[in-house]
Amino acid sequence: MEGARGDAPESSSAAPECAEPAGSGGGPEGSLPEEREGGARPLEAAPKRLCGYLSKFGGKGPIRGWKSRWFYYDERKCHLYYSRTAQDANPLDSIDLSSAVFDCKADAEEGTFEIKTPGRVITLKAATKQVMLYWLQQLQMKRWEFHNSPPAPPAVPDAALAGNGPAMHLELEQEETELEEFLCPVKTPPGFVGAAAALQPAPALPSALQNLSLKHLGTEIQNTVHNIRGNKQAQGTGHGCPGEESQNGEPQREERPSVPDPSAPGREPAGSPKPAPKSSLAANLIQKAKLQSNTFPLFSEGLLRTRTAQEKVAALEQQVLMLTKELKSQKELVRILHKALEAAQQEKRASSAYLAATEDKDRLELVRHKVRQIAELGRRVEALEQERESLVHTAQLREQQVQELQLHVQLLMDKNQAKQQVIYKLSEKVTQDFTHLPDQPPEAADRDFLSHQERLEHMKDDMEAFRTQNRFLNSEIHQVTKIWRSVAEKQKALLTKCAYLQARNCQVESKYLAGLRRLQEALGDEAGECSELLRQLIQEALQWEAGEAPADGVELSPISEYDEYGFLTVPDYEVEDLKLLAKIQVLEVRSHHLLALEAVERPLQERWAALGELAPSAELKQLLRAGVPREHRPRVWKWLVHLRVRHLHAPGRYQELLRRGQACDHPAARQIELDLNRTFPNNKHFTCPTSSFPDRLRRVLLAFAWQNPAIGYCQGLNRLAAIALLVLDDEESAFWCLVAIVETIMPADYYSKTLTASQVDQRVLRDLLSEKLPRLMAHLGQQQVDLSLITFNWFLVVFADSLISDILLRVWDAFLYEGTKVVFRYALAIFKYNEKQILRLQDGLEIYQYLRLFTKTICDGRKLMSIAFNDMNPFPMKQLQQQRAAHRERLEAELRELEQLKAEYLERQASCARAMPEACAIDDDGDGEA
């Protein structure tokens, strides 16, 4: 039985590959293209076949040992097949070289090497060390060609190839430089490999039974029967021409070394039955074996000789292959864009058909067609996910193999160093022996000298063997690393494609839900089968979750119930229309995120990872405006808060305030307790009964109330502190973040009882809207809409209740660094983002209803950021401060006038109260008299 577990034996279709080396290939694959066309070509260009006899270690029990096998390589599958002899029709088994690594041990028997695949380890032995190195280099080359095989090159005139000569010459010089760093190319051993090896008899073993494979006994019997039948046919016909057909009507599967070569130059026409002389066959085989050339770039013998015209042409052909590959990729890009255009046109046609349909039945049929398209996209995404998982598994195997090889090389280097130290000590000992030679008898000294010299020669041989092994392993690691990188690039491309398909799936699903909503609005409250079907479709669309995906572990839905900070992605509204709108908005947000993942998010993460120590700069400002990745946000926010409160920060201050709160109750404690249950009802961290966030938020708010008695507690501070807790996950850091916002970033009196600074900012915002968006303000003025009823809460809690969490935290990233200017920018950007929708509304009540929820419909955070920091320019802070000062004076004057009116009113009331008792007394007296 052959070794450990192996791959399943391949079919007998690989048998001609075996016969070609034995008989130098008389089929279409064995002949040269020029010979098939009738032209002449030098023998140097003949393709070299990798085949020959090797000993394979395998078996079990008493028959375990070395067995002679004929090995030959199949370039189409990157498999190394082996059989008992070169004349066998069916291979015993094969070795997959596409994921294999090769190793040779210096301390093993001469000519022994290993082929390690993910499933097993195969130990082989060559006749000599040179043959072993030749096999190892050829196997490396075949594996490299399989992983990097370019498409077939187009026919290009020689004159067109000559123009790229200098560029290819530089490439070959670079490959020659790489070659010198590793093992030198090994020349082809004559008589041991290739077609010449098939003429040699199989190596003899002590017993014939020992060379049989009991594991593949059926294949052995088939090969024996096939050989006997072939011998009988050869005896019956009087010659063994491979071109003849067997008795069953099929072409003969293999060729004997003794038959003539039908592909050799000077052969007779195909219809001639006369065989060629044996001496001519042997001469042709020997000449072909000598003139075979290695095509692997790292180990080619041609690079070490003066380049001929054929080699230059081959180099230019290689460059043409590279250009052809690049052209193919460009064509693939054009094909993808064409498909995208066709999809857009198809969608346009579907929308036109939907709008043109007059019957509800036709519209429902269009909706069902869209449902089938969504199912088909889901199946495609599932297939791509499975392919990605397989590639990830393959890449992990490659990484493990590289790590094992690196460890093995390190061990060999340590062993080599230890042996060098031993050699050094032995050399010193030899030197000392030479110095004491006069004290010893001449014969004993000669014997010691000879023994030391013999040991030194052995040491030199071992050192040379280890050096050769080290160079080979270095080349092996180099090639495996290249293969691993190519696999990683393919995996990255598949991940990008998968993200794009998921984004398209989200877009199609959102359009499907929008279509259902429009149908529902068109039908109204009409009863009937259509309206009932619509209600069922809407209910199924709202209730479908990722947990209903197939059980194979592939998630088709990119939507989860909560986001990474605990906010509910699809709010649970009581009204069906709002539920549908929320689901559509979540799908659009996910689609924008997936489409921007490779182009925006990954480069941004790389820039943050390479930023290093934080320091105020223009680059940091731009990065904060673009948004901080989740893994870097706690560190960045702590640094920004420290910049704001370093003049207020004192070690142990937070713990001291907590102890003060435990000693006595604060007057604002009751209001804080009431607002705790109203903090972010759509966040699981503040609604779960077992969560610790409400208790931590209570402590932060009470500590701030003792920190700033002038404010104590104001409604809205609970949401500011809650956002800080969700991001920083530390009570003390959240406390100082709240202090930074209230006492250093926001203007004074922003959270006072009068909210003076907050009212000033509302007037400034109204001026900026009139300047930046005059059409919108004119429309709102006609409808008598007061925006401060909506925007006042935006500024008070920095959009905490308005924007979705992904956009909200990007606003806070820039807000903590640049201040309140960011709040004005985003407030203007929100109205600009929804300007067209607001201008369509012609009723004041309808506008108020839309403004209550329109911030939750913003899906594209990148677009909103671009409007805020690009479209709203210029936006100087000096102008903002001047407008604040002017409006503050007007507001204070109005407040003073209001206080004066209030004082006059109270004085009149007091005077009336003083006059009231006398009148009442008169009336009472009159009543008494009566």
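Criteria and cut-off values
Residues numbered from 1 in each chain as written. Predicted model: local features only at pLDDT ≥ 70, side-chain atom pairs only at ≥ 80, totals over all residues. Heavy atoms only, no water. Helix = DSSP H or I, 4+ residues; strand = E, 2+ residues; numbered from the N terminus. Buried < 20%, exposed > 50% of the residue type's maximum accessible area, 1.4 Å probe, protein only. Contact = heavy atoms within 4.5 Å. Areas by Shrake-Rupley, 256 points an atom, 1.4 Å probe, with all protein chains shown as cover. Phe/Tyr/Trp six-rings, centres within 6.5 Å; stacked < 30°, edge-to-face > 60°. Lys NZ or Arg CZ within 6 Å of the ring centre and 35° of its normal. Salt bridge = Lys/Arg side-chain N within 4 Å of Asp/Glu carboxyl O. Pairing = 2+ DSSP bridges. Axes fitted to C-alpha atoms, helices over the stretch in contact; angles between N-to-C directions. Polar contact = N/O pair within 3.5 Å; in protein donor to acceptor, adjacent residues only side chain to side chain. Parallel < 35°, antiparallel > 145°, perpendicular 65-115°, else oblique. Nonpolar A, V, L, I, M, F, W, Y, C, P; charged D, E, K, R; others polar. Core = buried A, V, L, I, M, F, W, Y, C linked by side-chain atoms within 4.5 Å. Expected span 1.5 Å × (residues − 1). Left-handed = near helix turned anticlockwise from the far one by under 90°. pLDDT = per-residue confidence, 0-100.

K.L.:
Looking at this structure, I do not really get the overall build of the protein chain. What am I missing?
P.N.:
If you tally the helices and strands in the protein chain, you get 31 helices and seven strands. Looking at the protein chain as a whole, 43% of its 930 residues qualify as buried. Excluding contacts between residues fewer than 6 apart, the proportion of contacts in the protein chain whose partners are at least 24 apart in sequence is 73%. For the protein chain, the exposed area adds up to about 50,400 Å²; of that, 54% sits on carbon and sulfur atoms.

K.L.:
What is the right way to read the packing of aromatic side chains from this model?
P.N.:
Any aromatic ring pair is given by two values, namely how distant the centres are and how the planes are angled relative to each other. Per the counting criterion, the structure on display carries 19 aromatic pairs. Ring geometry for Phe-795 against Phe-824: centres 5.0 Å apart, planes inclined by 70°, an arrangement best described as edge-to-face. On the criterion of sequence distance, the pair formed by Phe-795 in helix α25 (residues 788-797) and Phe-824 in helix α27 (residues 821-833) is long-range, its members being 29 residues apart. Like Phe-795, the residue Phe-824 is buried in the burial classification. Their ring planes at 85° and their centres at 5.7 Å tell us that Tyr-826 and Phe-869 sit as a pair that is edge-to-face. Highlighted residues: Tyr-826 in helix α27 and Phe-869 in helix α30 (residues 861-871), separated in sequence by 43 residues. Of the aromatic side chains, those joined through ring pairs into one cluster are Trp-794, Phe-799, Phe-831, Tyr-850 and Phe-854. Sitting above the plane of the Trp-66 ring, Lys-125 keeps its charged end 4.6 Å from the centroid. The aromatic ring of Tyr-833 is capped on one face by Lys-863, whose charged end is 4.8 Å from the ring centroid.

K.L.:
How should I be thinking about the pattern of salt bridges in this particular structure?
P.N.:
Two side chains bearing opposite charge may form a pair once their charged atoms approach each other closely. Scanning the model with the defined rule gives 32 salt bridges in all. Note that Lys-125 is salt-bridged to Glu-109, the shortest N-O span being 3.2 Å. Taken together, the positions of Lys-125 in strand β7 (residues 121-125) and Glu-109 in the loop between β5 (101-103) and β6 (112-116) put the pair 16 residues apart, joining distant regions of the chain. A salt bridge links Lys-116 to Glu-114, with the nearest nitrogen and oxygen atoms 4.0 Å apart. Residue Glu-114 is classed as buried on the basis of its relative accessible area of 16%.

K.L.:
When you look at the sheet that holds strand β4 (residues 93-96) in this model, what are you seeing that I'm missing?
P.N.:
Sheet strands pair via backbone hydrogen bonds, and the direction of the pair is either parallel or antiparallel. Judged by pairing direction, the sheet is antiparallel, and its seven strands sit side by side in the order β4-β3-β2-β1-β7-β6-β5 without closing on themselves. Both outer strands of the open sheet, β4 and β5, are each paired with one neighbouring strand and no more. Each strand axis lies, on average, 35° off the axis of its neighbour in the sheet, ignoring direction. Sheet topology note: the β5/β6 ladder contains three bridges and is antiparallel. When the bridges of β6 are listed, Asp-103 appears paired with Glu-114. Helix-sheet contacts for helix α3 (residues 129-147) involve β1 (51-58), β2 (65-74), β3 (79-83), β5 and β6, and the interaxial angle to β6 is about 20°.

K.L.:
Got a minute to help me understand the side chain of Thr-820 in this structure?
P.N.:
Note on placement: Thr-820 falls in the loop between α26 (805-818) and α27. Discounting residues that sit within four places of it in the chain, Thr-820 has contacts with Ile-745, Met-746, Pro-747, Phe-815, Met-877 and Arg-884.

K.L.:
Would you take a moment to explain the side chain of Glu-731 for this structure?
P.N.:
Mapping Glu-731 onto the fold places it in helix α22 (residues 731-745). There is a polar contact of 2.8 Å between the side chain of Glu-731 and the side chain of Tyr-654. A distance of 2.5 Å separates a polar atom in the side chain of Glu-731 from a polar atom in the side chain of Arg-699. Setting aside chain neighbours within four positions, we find Glu-731 in contact with Tyr-654, Arg-696, Arg-699, Val-700 and Leu-725.

K.L.:
Help me out: how do you make sense of the packing of helix α16 (residues 633-645) against helix α21 (residues 717-728) in this one?
P.N.:
Helix-helix packing is characterised by the crossing angle of the two axes and by the distance between the axes. Here α16 crosses α21 at 130°, and the two axes come no closer than 9 Å. One way to sum up the angle between α16 and α21 is to call them oblique. Mapping the contact onto sequence places Arg-633, Pro-634, Trp-637 and Lys-638 in α16 and Ile-723, Val-727 and Leu-728 in α21. When grouped by side-chain class, the residues that make up the contact of α16 with α21 number five nonpolar, no polar and two charged.

K.L.:
Would you mind going over the environment of Gly-844 with me for this structure?
P.N.:
One can find Gly-844 in helix α29 (residues 844-853). When sequence neighbours within four positions are dropped, the list of residues in contact with Gly-844 reads Gln-783 and Val-785.

K.L.:
I tried to follow the nonpolar core on my own but got confused; where do I start?
P.N.:
Where a protein is soluble and globular, its nonpolar side chains tend to be buried together. Among the nonpolar cores identified, the biggest contains 113 residues, and Leu-717, Ile-741, Tyr-751, Phe-799 and Phe-831 are the most heavily contacted of them. Aside from chain neighbours lying at most four places away, what touches Phe-799 is Trp-794, Leu-808, Val-811, Val-823, Tyr-826, Ala-827 and Ile-830. Counting residues in hydrophobic clusters, the runner-up holds 37 residues, among them Leu-92, Leu-97, Val-186 and Leu-405.

K.L.:
Please explain α22 as it appears in this structure.
P.N.:
Because an α-helix packs 3.6 residues into every turn, residues spaced three or four apart end up facing the same way. In a regular helix each residue adds 1.5 Å, so 15 residues correspond to 21 Å; α22 covers 20 Å between its end C-alpha atoms and thus fits that length. Among the 15 residues in α22, 12 count as buried, and that is most of the element. Residues Glu-731, Ser-733, Ala-734, Phe-735, Trp-736, Cys-737, Leu-738, Val-739, Ala-740, Ile-741, Val-742 and Ile-745 constitute the buried set of α22. Among the structural elements, α16, α17 (653-663), α20 (693-707), α21 and α26 are those in contact with the buried residues of α22.

K.L.:
What exactly am I supposed to notice about the pairing of β7 here?
P.N.:
Counting buried positions along β7 yields four of five residues, so the element is predominantly enclosed. Where β1 lies against β7, two bridges are found, and the strand directions are antiparallel. What sits directly across from Ser-55, in β7, is Lys-125. Pairing analysis gives five bridges linking β6 to β7, with the strands arranged antiparallel. Its bridge partner lying in β7, Ile-115 is registered against Ile-122. Hairpin remark: β6 followed by β7, antiparallel, with four residues in the connecting loop.

K.L.:
I keep staring at α21 and nothing clicks. Help me out?
P.N.:
Taking 1.5 Å per residue, 12 residues should reach 16 Å; α21 reaches 16 Å between its end C-alpha atoms and fits that length. The complete set of buried residues in α21 reads Leu-717, Asn-718, Arg-719, Leu-720, Ala-721, Ala-722, Ile-723, Ala-724, Leu-725, Leu-726, Val-727 and Leu-728. Of the residues trailing α21, Asp-729 is marked for its positive phi of about 55°.

K.L.:
Could you clarify how one ought to interpret the packing of α25 against α27 in this entry?
P.N.:
The N-to-C vectors of α25 and α27 enclose an angle of 145°; their axes lie 11 Å apart at closest approach. Our pair here, α25 against α27, has a crossing hand that is right-handed. Residues Thr-791, Trp-794 and Phe-795 of α25 pack against Val-823, Phe-824, Ala-827, Ile-830 and Phe-831 of α27.

K.L.:
Explain the confidence of the model for the protein chain here, please?
P.N.:
Detailed reading of the predicted model is not advised wherever pLDDT is low. Looking at the protein chain, the pLDDT average stands at 75 and 68% of residues meet or exceed 70. Across residues 921-930, where pLDDT falls below 50, the model places zero contacts with residues more than four positions away in sequence or in other chains.

K.L.:
Got a minute to help me understand unusual backbone geometry in this structure?
P.N.:
What you tend to see is this: most non-glycine residues have negative phi, and most peptide bonds are trans. Omega for the bond connecting Asn-873 with Pro-874 falls within 30 degrees of zero, at 0°, which places this linkage in the cis form. On the secondary structure map, Pro-874 appears in the loop between α30 and α31 (877-929). Positive phi values are uncommon outside glycine, yet Asp-729 reaches one of about 55°. Tracing the backbone shows Asp-729 in the loop between α21 and α22. Although it is not a glycine, Val-798 adopts a positive phi angle of roughly 55°. Within the element layout of this structure, Val-798 appears in the loop between α25 and α26.

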